[in-house]
Amino acid sequence: MEEMEVNHVAEIQEKLSGMVGDRVKVKANMGRTRVIERMGIIKNVHPAVFIIEVDERRGRKSRQSYQYVDVLTGTVELFDPETGEHIFTPLGTQLEEH
């Protein structure tokens, strides 16, 4: 099971590496029923995390970092801003499909 997760994390990292500079919609579950939705641009991809520069209120920008494992588990969801479709299918959904 662990090997499968590593492969998925590597796939997520590889795909995000090719998307640096692209605009995405981020939906992050911060716990305790707190969900944040923002639009942003993928800025950097690192070995353990990726950075998204998100649009804040009044035209300000901030940088948020997320772990690839959070994308894998569905805690952080990334969407295409134009179509609204998931860029990655959360792991729980993948298991249900098989």
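Right above here is the structure, for reference.
Thresholds, definitions, all that
- Residues numbered from 1 in each chain as written.
- Predicted model: local features only at pLDDT ≥ 70, side-chain atom pairs only at ≥ 80, totals over all residues.
- Heavy atoms only, no water.
- Helix = DSSP H or I, 4+ residues; strand = E, 2+ residues; numbered from the N terminus.
- Buried < 20%, exposed > 50% of the residue type's maximum accessible area, 1.4 Å probe, protein only.
- Areas by Shrake-Rupley, 256 points an atom, 1.4 Å probe, with all protein chains shown as cover.
- Pairing = 2+ DSSP bridges.

1. Looking at the overall build of the protein
Per the secondary structure count, the protein includes three helices and five strands. Helices and strands appear in the protein in the N-to-C order α-β-β-β-β-α-β-α. Taken over 98 residues, the protein has a buried fraction of 28%. For the protein, the exposed surface amounts to about 6700 Å²; the carbon and sulfur share of it is 46%.

2. Digging into the pairing of strand β2 (residues 35–45)
Relative to β2, strand β1 (residues 23–29) runs antiparallel, the two sharing seven bridges. Within β2, the residue paired with N29 across the bridge is V35. Hairpin connection of β1 to β2: five residues between the antiparallel strands, including G31 at a positive phi of 85°. The sheet contact formed by β2 and strand β3 (residues 49–55) spans five bridges and is antiparallel. Looking at the pairing, V45 lines up with F50 of β3. Counted along the chain from β2 to the antiparallel partner β3, the turn is three residues long.

Limitation: the analysis is restricted to geometry and does not speak to function.
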